[in-house]
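As a plain string of letters, each chain reads:
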Amino acid sequence: MASDEIVWQYIGHSHCSFKLKLPGHNSKQINTFCRNEHNVTGLCNRQSCPLANSRYATIRSDPATQRLYLYIKTVERSHLPSRWWEKIRLSSNYTKALQQVDERLIYWPKFLMHKCKQRLTRLTQVRVRAQKLAKEEERLGERMVTRMAPKIRRREETRERKAEAAAKIERAIERELVERLRSGAYGDRPLNVEENVWKKVMRGLERSQEGERDADLDDGVLEEEEEDVEYEYERETGEREEAEVEYVSDMEETDDEAGDMEEFDDWLGGKSDDALSEDDGEEEDDSGSDAEGGTAAALKQKLEGLKRKRAEAAVPKPRKKPSKGPKTNIEYEYVPDPPRRELELAR
Amino acid sequence: MASFNPTKIGNKLKRQQHQLKVKKQKENTKRDDRLRRRRTEDKNPALREERRAKNVPATIDSKRTWDEANGDEEAESRLGMSLDVLNPKRRKVEEETLDPAEVIPEEHLDDGEDVEQVIAPDTDAEADELDSMLGSESEDEDSAELDGKPQLPNRAPSEAPSAAPSAATAATDLNLTPEALMQRFPSLFNIPPDKDPKVLITTGINSTLHWEAQLLTSLFPNSRYIKRTAHYHSYKYSVREICKYAASRDFTHVAILSEEFKKPKNLDIVHLPDGPMFHFSISNWVEGAKIPGHGNPTNHYPELILNGFRTPLGLLTAHLFKSLLPPRPDLQGRQVVTLHNQRDYIFLRRHRYVFRDKRGTEKSIQGTDGKLMQGVEDIRAGLQELGPRFTLKLRRVDKGIQRMSGQEWEWKAGDEKVRTRFSL
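Residues numbered from 1 in each chain as written. Chains lettered and ligands numbered in written order. Predicted model: local features only at pLDDT ≥ 70, side-chain atom pairs only at ≥ 80, totals over all residues. Heavy atoms only, no water.

### Describing the pairing of strand E2 (residues 30–34) of chain A
Residues and elements named next belong to chain A.
Logical step 1: In the sheet, strand E1 (residues 19–23) pairs with E2 via five bridges, with the strands oriented antiparallel. Across the sheet, residue Lys-19 finds its bridge partner in E2, namely Cys-34.
Logical step 2: Following E1, the chain reverses through six residues before pairing antiparallel with E2. (Pairing = 2+ DSSP bridges. Helix = DSSP H or I, 4+ residues; strand = E, 2+ residues; numbered from the N terminus.)

See the structure below:
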């Protein structure tokens, strides 16, 4: 007990490792706090110092289990520092815990008992609030996204830059779009292409398919000679095959829906595009629905279908346009009308 | 004369002059060699092809390593391994022998090819990893064409071979998903083709990213942004609750945008109802208005391009993105959303395109095999960038709605130790 005074004279006035001086609200105030974990109040006082009191009591919580314990230090054990603190588990029920503190600290100075009870109250409140927060966190799900280690963050930034350089995204996009155009994923008369561009594509496709088709040509020889003049226009619209066949076999009246078609159809002598447009409309339905992410199967079928049809048609002779005025007119007028209808079907 | 060490000339000026002379000489011999080679190769183009074929530079994408599925039938449905699902050779092996794992990684390097959706008389599967056009980019810049036409002085397109595209950037053919994978995630793969997606976009709780979330609504057609409450006293709905309510109101996806430092950091996409949840991290978010030469998006449904997804996990993600956008695009809108996966980074871009004639100074488009695309040599597609662009990186796939529901796949830093191994 006597040593308490001596201890306090030193640590209270001179130096204590646990002492912490912080400025208060006013500029003149300096508050001293005690960072010792066994301190009941947290302030640096003669009564609250656990080092300068050989009879002391405090409440602490176990970080793992969140249970509250009463720690008691008595004079009788002051010569055994390793056994100073007697740890008593308190009930999780607040009132029962209060009673326990009461009975343990009976006949102790009022200061310590009071402060212990206050601390018990505060720690219980903290525990309740922490549990509530934890429950909220759990309900809301994850809140914590851990920061990435700087080394990994830097590595990823660099790799992303390199990946972007290697990707050549715009080229890939362009390639893919043109591929879709070429493969016919956009249907027979696509909305997203200008006419002349589309014609170029069709021409290019046919030119590239000629090389393959040459081997196939058995049947269409006679038909070639009859039709080689109009041939070019027919093939550009890509729908002539059936009409050509019908031209040879039937001389039906045309029932065309576009008035402009009349001349053209008479000239051919075959059915109008009705049958063809319906077929193509169906095909476009298929190709429209499959053209989503760009799938292969239906397009394959469609293109093979077109291939087959074209194989029956004539092999091109020189591709110079004959100078036939009225036919060019017809061609331009023909193109816009049916596709709109077809696409409505497709939708 | 005898012991003359050029680096040890004492006089600085003389030393410098000497060095310049040496350098000039080196450059001269290089140039002479180059021009001589060009002349011989002009006469004999086969030599050029040979040289180029020999000097193909190796890229990380061409050196990509795959994991081995050692006789594991279920390997393709499990997402942990990096397997080349779209390799046609591998698929053939599977079909024939019912034994999916006769594959050696080296084989993959040669054969890795994505079957594109075009049928066209395309190329050998084998030849395309050798990007034959890649070799000598720096040289032969003005090399004349094969028929020896003289180069026009100003405006001709550069005949230099462009860095060739490879299978790594080819479009993903989603039809090739393995059956096992499709059975594992039925809700994601068996979507009725006419169903339009309905996306609910929201943010984290105390988030300030309202404008960015609005931008996302313009990106995903048929989507809606709903704010979270951050009021102290109000009830804060959790993600699970939001998903439940959204599912009952016929939403198909919930997208959650989270924030760090006032910038979008993560994008979590939930496939309803209680479908897999995909967590992506966002980097390099650039708003449309900040892109030079940008355009303004319209309401037309965009087309979708998915590039470079090759493993089962990659295909799963590709399907997710496919389900996020409506299946029937408005072609007259001419808009396209591209998700390009390169080395596990998914670049999202949004463009408006137009097919136009090739200008005289432009090159023709190359296909993934390195050869020019036939039939469309005179066509180019012009692109105008719209809307936000950002990079996504897949971090986690949950079986259910959040971390608690178990993970299908999680990103680990240790996976990236090997430079050539990628998970998507």
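### A short note on the interface of chain B and chain A
Logical step 1: Taken together, the 76 residues of chain B in the interface contact 59 residues of chain A.
Logical step 2: Where chain B abuts chain A, roughly 6,200 Å² becomes buried across the two surfaces, and 56% of that area is made up of carbon and sulfur atoms.
Logical step 3: For the pair chain B and chain A, the interface holds 10 salt bridges.
Logical step 4: Note that A:Arg180 is salt-bridged to B:Glu303, the shortest N-O span being 3.2 Å.
Logical step 5: Linking chain B to chain A there are 23 residue pairs in polar contact (both at pLDDT 80 or more).
Logical step 6: Looking at the side of chain B that touches chain A, the elements that each hand over two or more residues are helix H8 (239–248), strand E5 (277–286), strand E6 (303–307), strand E7 (335–342), strand E8 (345–357), strand E9 (379–385) and strand E10 (389–398) of chain B.
Logical step 7: Examining the composition of the side of chain B that touches chain A, we find that eight residues originate from one element, E8(B), more than from any other.
Logical step 8: In the side of chain B that touches chain A, the residues fall into 30 nonpolar, 22 polar and 24 charged. (Contact = heavy atoms within 4.5 Å. Buried area = accessible area lost by both parts, 1.4 Å probe. Salt bridge = Lys/Arg side-chain N within 4 Å of Asp/Glu carboxyl O. Polar contact = N/O pair within 3.5 Å; in protein donor to acceptor, adjacent residues only side chain to side chain. Nonpolar A, V, L, I, M, F, W, Y, C, P; charged D, E, K, R; others polar.)

### Here we look at the packing of aromatic side chains
All names here are of chain A.
Logical step 1: Applying the stated criterion across every chain, the model contains nine aromatic pairs over all chains.
Logical step 2: In this structure, Arg-55 packs its charged tip against the face of Trp-108, placed 5.5 Å from the ring centre.
Logical step 3: A cation sits over an aromatic face here: Lys-87 above Tyr-69, 4.6 Å from the ring centre. (Phe/Tyr/Trp six-rings, centres within 6.5 Å; stacked < 30°, edge-to-face > 60°. Lys NZ or Arg CZ within 6 Å of the ring centre and 35° of its normal.)

### A look at the confidence of the model for chain A
Residue and element names in this part refer to chain A.
Logical step 1: Per-residue confidence for chain A gives a mean pLDDT of 74; residues scoring 70 or more make up 60%.
Logical step 2: Across residues 270–294, confidence stays below pLDDT 50; counting only partners more than four residues off in sequence or on other chains, it has 58 contacts.
Logical step 3: Below a pLDDT of 50 lies the segment residues 308–328, which in the model reaches 37 contacts outside its immediate sequence neighbourhood of four places, other chains included. (pLDDT = per-residue confidence, 0-100.)

### A closer look at unusual backbone geometry
Among all residues except glycine, the phi angle is most often negative; among peptide bonds, the trans geometry is most common.
Residue and element names in this part refer to chain B.
Logical step 1: Cis geometry marks the peptide bond from Leu-272 to Pro-273; its omega dihedral reads -20°.
Logical step 2: By the element assignment, Pro-273 lies in the loop between strand E4 (263–271) and E5.
Logical step 3: A positive phi angle, close to 55°, is found at Asn-284, a residue other than glycine.
Logical step 4: Within the fold, Asn-284 resides in strand E5.

### Details of helix H4 (residues 150–167) of chain A
Logical step 1: For H4(A), built from 18 residues, the straight-helix expectation of 26 Å at 1.5 Å per residue is met to within 8% by its first-to-last C-alpha distance of 25 Å.
Logical step 2: Restricting attention to buried positions, one finds in H4(A) the residues A:Ile152, A:Glu156, A:Glu160, A:Ala163 and A:Ala167. The buried residues of H4(A) occupy an angular sector of 75° when projected down its axis, which confines them to one face. In H4(A), those exposed residues whose orientation departs by more than 90 degrees from the buried face are A:Lys151, A:Arg154, A:Arg161 and A:Ala165.
Logical step 3: Residues of H4(A) that are buried sit in contact with helix H5 (169–183) of chain A together with E5, E7, E8 and E10 of chain B.
Logical step 4: At the exit of H4(A) stands A:Lys168, carrying a positive phi of roughly 50°. (Expected span 1.5 Å × (residues − 1). Buried < 20%, exposed > 50% of the residue type's maximum accessible area, 1.4 Å probe, protein only. Arc of directions from axis to C-beta.)

### What to know about the sheet that holds strand E5 (residues 85–89) of chain A
Residue and element names in this part refer to chain A.
Logical step 1: Pairing in this open sheet of three strands is antiparallel, and the strands run E3-E4-E5 from one edge to the other. Every interior strand has two partners, whereas the edge strands, strand E3 (56–61) and E5, have only one. In this sheet, adjacent strand axes meet at a mean angle of 25° when their direction is disregarded.
Logical step 2: Summarising the sheet, E3 and strand E4 (residues 68–73) pair through six bridges and their orientation is antiparallel. Paired with Tyr-56 across the strands is Lys-73, a residue of E4.
Logical step 3: Contacting E3 and E4, helix H3 (residues 110–140) runs over the sheet at an angle of about 5° to E3. (Axes fitted to C-alpha atoms, helices over the stretch in contact; angles between N-to-C directions.)

### Thoughts on the packing of helix H1 (residues 12–43) of chain B against helix H2 (residues 45–54) of chain B
Pairs of packed helices are described in terms of their axes, by the angle between the two and the distance that separates them.
All names here are of chain B.
Logical step 1: Here H1 crosses H2 at 120°, and the two axes come no closer than 5 Å. One way to sum up the angle between H1 and H2 is to call them oblique. Along its contact with H1, which presents Arg-37, Arg-38, Glu-41, Asp-42 and Lys-43, the element H2 presents Pro-45, Leu-47, Arg-48 and Arg-51.
Logical step 2: Residues that form the contact of H1 with H2 fall into these classes: two nonpolar, no polar and seven charged. (Parallel < 35°, antiparallel > 145°, perpendicular 65-115°, else oblique.)

### Notes on a nonpolar patch on the surface
Residue and element names in this part refer to chain B.
Logical step 1: Together, Tyr-235, Tyr-237 and Tyr-245 make up an exposed nonpolar region whose accessible area comes to about 320 Å².
Logical step 2: When you line up the elements, Tyr-245 lands in helix H8.
Logical step 3: Overall, the relative accessible area of 37% leaves Tyr-245 in the partly exposed class. (Patch = residues over 30% accessible without salt bridge, like charges linked within 9 Å, V, L, I, M, F, W, Y side chains within 5 Å. Areas by Shrake-Rupley, 256 points an atom, 1.4 Å probe, with all protein chains shown as cover.)

### Observations concerning the nonpolar core
Logical step 1: Within the largest apolar cluster, 46 residues are counted, with the highest numbers of intra-cluster contacts made by B:Leu216, B:Leu267 and B:Phe280.
Logical step 2: Take this core: its biggest share by element is seven residues, from helix H9 (residues 312–324) of chain B.
Logical step 3: Ignoring anything within four residues of it in the chain, the contact list for B:Leu267 reads B:Leu216, B:Ala255, B:Ile256, B:Leu257, B:Phe278, B:His279, B:Phe280, B:Ile282 and B:Leu392.
Logical step 4: Counting residues in hydrophobic clusters, the runner-up holds 26 residues, among them A:Ala167, A:Ile173, A:Trp198 and B:Tyr353. (Core = buried A, V, L, I, M, F, W, Y, C linked by side-chain atoms within 4.5 Å.)

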